[in-house]
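Fold and contact review
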Amino acid sequence: MSNTVVRKGHSKALWVLFMTEMWERFGYYLMVGIFFLYLIDPRKHGGKGFDATAASDVVGSYIALVYLTPFIGGLIADRFLGYRKAIILGGSLMACGYFGLAMPGDTAMYISLLCIIVGNGFFKPNISTLLGNIYNAEDLKPKKDVAYNIFYMGINIGAFFCNFVAAYLRNYYGWGYAFAAAGFGMVLALIIFISMMKHVKEGDIVKPAQKEDMSLSKIFMYVFAPAIVTGAIGWNMKSWIGHPIFATITNDAFFFACIPIIIFYLGLYFKASHEDKKGLGALLSFFAVSIVFWVIYNQNSTALTIWADQYTNRHMPAAGVKWTKPFGMLQITSSDSMTVTKVDSHFAAVLDAKGNTQEVKGVDPYLLNLPKDQWPKQGEKESLVSPELYQSANPIYIVILTPIIIGLFGFFKRKGKEINTPMKIAFGMIIAGLSSLTMYFAVKSTNIYVDKTSMIWLLSTYGIFSVGELLISPIGLSMVSKLAPARLTALMMGGWFLINSMAGKISGMMGSLWDKFDDKGNYFLILFFSALGSAAIMFFMVKWLAAVVREKTGSN
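Summary of the structure given here.

Conventions used here
Residues numbered from 1 in each chain as written. Predicted model: local features only at pLDDT ≥ 70, side-chain atom pairs only at ≥ 80, totals over all residues. Heavy atoms only, no water. Helix = DSSP H or I, 4+ residues; strand = E, 2+ residues; numbered from the N terminus. Buried < 20%, exposed > 50% of the residue type's maximum accessible area, 1.4 Å probe, protein only. Contact = heavy atoms within 4.5 Å. Lys, Arg positive; Asp, Glu negative; His and termini not counted. Charge placed at Lys NZ, Arg CZ, Asp CG, Glu CD. Expected span 1.5 Å × (residues − 1). Bend = angle between axes of the 7 residues up to and from the residue. Axes fitted to C-alpha atoms, helices over the stretch in contact; angles between N-to-C directions. Parallel < 35°, antiparallel > 145°, perpendicular 65-115°, else oblique. Left-handed = near helix turned anticlockwise from the far one by under 90°. Nonpolar A, V, L, I, M, F, W, Y, C, P; charged D, E, K, R; others polar. Polar contact = N/O pair within 3.5 Å; in protein donor to acceptor, adjacent residues only side chain to side chain. Phe/Tyr/Trp six-rings, centres within 6.5 Å; stacked < 30°, edge-to-face > 60°. Lys NZ or Arg CZ within 6 Å of the ring centre and 35° of its normal.

Regarding its fold elements, the protein chain presents 18 helices and four strands. Each principal axis of the C-alpha distribution contributes one length, and for the protein chain these read about 85 × 55 × 50 Å. The buried share among the 556 residues of the protein chain stands at 55%. Intrachain contacts of the protein chain at a sequence separation of at least 6 include 80% that bridge at least 24 residues. Distance between charge centres in the protein chain, computed from 48 positive and 34 negative side chains, equals 7 Å.

Over its 24 residues, helix H10 (residues 274–297) extends 35 Å from the first C-alpha to the last, a length consistent with the 34 Å expected when each residue adds 1.5 Å. Where H10 bends most, the angle comes to about 30 degrees, and this point is Ser290.

It is the contact of helix H7 (residues 216–235) with helix H9 (residues 249–271), at a shortest axis distance of 7 Å, that shows an interaxial angle of 150 degrees. As the angle between them shows, H7 and H9 are arranged roughly antiparallel. Helix-helix and strand crossings are classified by hand; for H7 and H9 the assignment is right-handed. Residues Tyr222, Val223, Pro226, Ala227, Thr230, Gly231, Ile233, Gly234 and Trp235 of H7 touch H9, and the partners they reach there are Ile249, Thr250, Asp252, Ala253, Phe256, Ala257, Pro260, Ile261 and Phe264. Class assignment for the residues of the contact of H7 with H9 results in 13 nonpolar, four polar and one charged.

All right, on to the environment of Tyr269 then. Position of Tyr269 relative to the elements: it lies in helix H9. Distance in space between the C-alpha atoms of Tyr269 and Ser290 is 18 Å, their sequence separation being 21 residues. Setting aside residues up to four positions removed in sequence, Tyr269 forms contacts with Lys277, Leu280, Gly281 and Leu284.

Take Glu382: it is sitting in strand E4 (residues 382–385). Polar side-chain contacts of Glu382 include one of 2.7 Å to the side chain of His315. Once residues lying within four places of it in the same chain are set aside, the contact partners of Glu382 are His315, Gln331, Ile332, Thr333, Gln374 and Pro376.

This brings us to the packing of aromatic side chains. Applying the stated criterion across every chain yields a total of 40 aromatic pairs. Residues Tyr311 and Trp514 carry aromatic rings whose centres are separated by 6.0 Å and whose planes lie at 65 degrees to one another, so their mutual orientation is edge-to-face. With Tyr311 in helix H11 (residues 303–311) and Trp514 in the loop between helix H17 (489–512) and helix H18 (520–553), this residue pair connects regions lying 203 residues apart in the sequence. In terms of burial, Tyr311 and Trp514 fall into one category: buried. Among the aromatic side chains, those forming a connected cluster through ring pairs are Trp307, Tyr311, Phe347, Tyr449, Trp514, Phe517, Tyr523 and Phe524. One cation-aromatic arrangement involves Lys372 over Trp375; the distance from NZ or CZ to the ring centre is 5.1 Å. Directly above the aromatic system of Phe409 lies the positively charged group of Lys424, at a separation of 4.5 Å from the ring centroid.

See below:
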């Protein structure tokens, strides 16, 4: 007689991890939602006074490194530290980082960012792995997909309401309080996790390296050591040739560092057996195509934030002020003189001889491309929707659209017309591209240097993109676990994070070139045509990829 206990419903661990991840993502997305705005805000107002180029460079570097460290943190937790310890260590570092951002000074900011980057490396990959391990139990396996859907909802709930907290605190009390709120969110996540840790204990399994696994020393020797060397070469390119190749020295360093890593992954493919080549080839092809998707995704922290802040009509009618003001959802503007960053006719910061922004007396930059007959009268105030609130559109769209998309695919499956995974990715790329095309039409809807565009454009862009996200984003790690040879799973997970990392940096690089585009429509057309090109490549590979997926998994 079997002693196995069959659990009714879901494991208690799911709710522990759900709440932990919800509050961790609350902190992460709160910080990302306001970070660019904080960097470009004049120092007189508590910001950093960066121009858009420098701010985009910092944001792009941050996102790139945040996605890179999970590869290392995942391996360390896998083989030595264990998942619970890694999550606690990572969460503690992230909390310190968020609280550190509330402190004044550039040094404090960069040290805080380092804490968040390293902390995320230990936290992000391991909480998902912990959930997966728990749901590998025989009685829970059938509920695994539903468990991950519930877990993903936690992420989006945190990402949705964090921006309202950020707007309230930074509008009423200042930037530091908003960053501190991210720290409190992370502390709350840790309290929940530690106090209920007994419920997740069963998933904390340390897996020592097997014979066929590549040791950490070899990974460092073949992957990270060459990357450090080439990254140093990239860092010095400006001093050698007189200018950076990719707009800034940090971009040069990052992309040069990626060269030996890309060569390493191509080497895995070319050295693999005939059988392993199928799965690796399919994965690497998917990685290469999906990078454009993630570049578009990361526009929310740079270009779309700029668009919400400067080019979107954020006027809140009097009827809406009554119920939005108590929740801190509003910025207040007036035509009175204030300290602002000096800009040219296209809103690019005018730098001094040392390359720093100049703070002068003038009107609120928001008014510069608003017809004067719409300016508030002298001495009067006007209420505006805080720009970070638009970033809550994506998670709420995800929550609303998820059951619709799942239901639609279920309908096709029942009709015997199931859409295979590669085809979903191809359609997802087209839809992501259409979100950028929507922004192109937003640019063309008016002269954006003398008038603002309707917020409908931005909300539509987020809505269209969310559909594409649901077709691509959940597939990534699942594809790795299904197609990678067992001995290379950890390395291919690292490859997936690397693609996200590169996309974050490319997005930051594009953002740093924002001011160079007098016609902002061209900026979004580049993204649109890149997405179409990626979709075309995916359509070309659909048959081959679908055959590999079917062979490796037994399904579409």
